[in-house]
Amino acid sequence: MKKSNALTTLLILLIITNSFSQRETDHWYFGNRAAVKFNDNQRPAVLTNSNMNTPYGSATISDKNGNLLFYTSGATVFNANHSTMENGALLASDNEVLQTSIIIPKPGSPNIYYLITLKDKNDPPPIGDFIEPGLYSSVIDINKNGGLGEVTKKNLTITDLVSEKLTAVHAKDGKSIWLIAFGKQSKTSALFDTFYSFKIDESGINTTPVVSTISATILNNQGALKASPNGSFLLLSNYTNAILTDFDAETGKVSSYDYLKISQTIGAPPKAYGVEFSKDSKYAYVETINAGENIILQYNTAKIDDIQEVHISNRGESYMQLAKDGNIYVTSEGYLSKVTPPKSSDETVASFFENTIDLNGKKSILGLPNFIQSYFRTRILSENGC
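Remember, predicted model here, so these are calculated numbers, not experimental data.

Q: Could you give me a rundown of the side chain of Gln 373, with the residues and numbers involved?
A: One can find Gln 373 in the segment after strand S27 (351-358). Only 3.1 Å separates the side chain of Gln 373 from the backbone oxygen of Ala 227, close enough to count as a polar contact.

Laid out in structure tokens, this is it:
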């Protein structure tokens, strides 16, 4: 009888695991009218219905069934009909920010979404009020306008101390979400050395952040920031270096950190740009430019001096983003290339596939959608849903 109960429980777990898929990341809209849709167990489908042209960052969100809700360049929001959402223009963002935005569903409110945007420059907008650089939130009610949505609140200041880096991951409780940015301790500081973690839960965005300052000497704000899908690490590039940190998904604190070795050769100083984690969070990937070559490096998050070269090419800077199929996609002008991390203990280094997706005349440029990273984590649910 006990054996039968155990088998029944296992079957229930397997059924729940297979049926519980995070489909919020099914649609990707990015670059110069480029778009793809990820379908279960199928090759990503190339879409040609995008109305967005942005050289760098973007964000996209689908519902739990994989239906497109909206997408954004950071400055403009497009609804599921690919028209500008009501009140969805002139948001606080800059076209040249690598991670312009991220979309976060409000916990406990299925129709409300926070659109978080970054403005990095002091340039005035073409029309409208002058907006200072900083991190901003806007509120979208997707139930408005027959399900096409409306921006009901716009450009609410969160902080003015951040750079162009922005990521998010679920907190340890599995419901609330950490919004994580990187910037300065003060507006007058010359150094970028501080992580800001903002808790988002059923009550909204807590604009009093958890602050973690590291003893880094970073003098520029270029690059990217990613959380690992399991919420244990953060990985950032600052153009001149790459840093891997520990992250506490319960408290929002950053503790220990290490500079990653981003050059295997002696020569001109390398530059770090795109960064990403594998789905199981065992590996970190950094895209570097060294002596005119684009090199993708793999690091073991448990042993950072275990470094492997994944791929070398002569193309310029690129950006990386993990997808629901477990692959990491890399910008490559009119294509997307693909990094496939190791899937078993027999594999030691990721595989690289050049130009695996033809974007049908559209371009990826230097940005891919920014997502809550824990959407990509493989999870098993128990019978009580935990």
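From this point, things continue past the structure.
Q: Let's hear about the side chain of Thr 194: which residues, and what values?
A: As for its placement among the helices and strands, Thr 194 is situated in strand S13 (residues 194-201). Overall, Thr 194 belongs to the buried group, its relative accessible area being 0%. A distance of 3.1 Å separates polar atoms of two side chains, one belonging to Thr 194 and the other to Thr 213. Beyond its immediate chain neighbours, meaning those up to four positions away, Thr 194 contacts Ala 181, Phe 182, Gly 183, Lys 184, Gln 185, Val 211, Ser 212 and Thr 213.

Q: Lay out the sheet that holds strand S25 (residues 328-332) with the relevant residues and their values.
A: In any sheet, the strands associate via hydrogen bonds between backbone groups, in a parallel or an antiparallel arrangement. Read from one edge of the open sheet, 4 strands run S24-S25-S26-S27, paired in antiparallel fashion. Looking at the sheet topology across the chains shown, the edges are occupied by strand S24 (320-322) and S27. The average angle at which neighbouring strand axes cross in this sheet is 30°, direction not considered. With 5 bridges joining them, strand S26 (residues 335-340) and S27 adopt antiparallel strand pairing. Opposite Leu 336, over in S27, you have Ile 357 as the bridge partner.

Q: Describe the sheet that holds strand S18 (residues 242-247), naming the residues involved and giving the relevant values.
A: A sheet is described by the order of its strands in space; here 4 strands give the open sequence S16-S17-S18-S19, paired in antiparallel fashion. Taken across any chain shown, the strands that pair with only one partner, and hence form the sheet edges, are strand S16 (225-227) and strand S19 (254-259). The sheet shows a mean angle of 20° between the axes of neighbouring strands, taken without regard to direction. Where strand S17 (residues 233-237) lies against S18, 5 bridges are found, and the strand directions are antiparallel. Bridge pairing in S18 places Leu 234 opposite Thr 245.

What counts, and at which threshold
Residues numbered from 1 in each chain as written. Predicted model: local features only at pLDDT ≥ 70, side-chain atom pairs only at ≥ 80, totals over all residues. Heavy atoms only, no water. Helix = DSSP H or I, 4+ residues; strand = E, 2+ residues; numbered from the N terminus. Polar contact = N/O pair within 3.5 Å; in protein donor to acceptor, adjacent residues only side chain to side chain. Buried < 20%, exposed > 50% of the residue type's maximum accessible area, 1.4 Å probe, protein only. Contact = heavy atoms within 4.5 Å. Pairing = 2+ DSSP bridges. Axes fitted to C-alpha atoms, helices over the stretch in contact; angles between N-to-C directions.

From the geometry alone we can't say anything about function, so treat these as descriptive.
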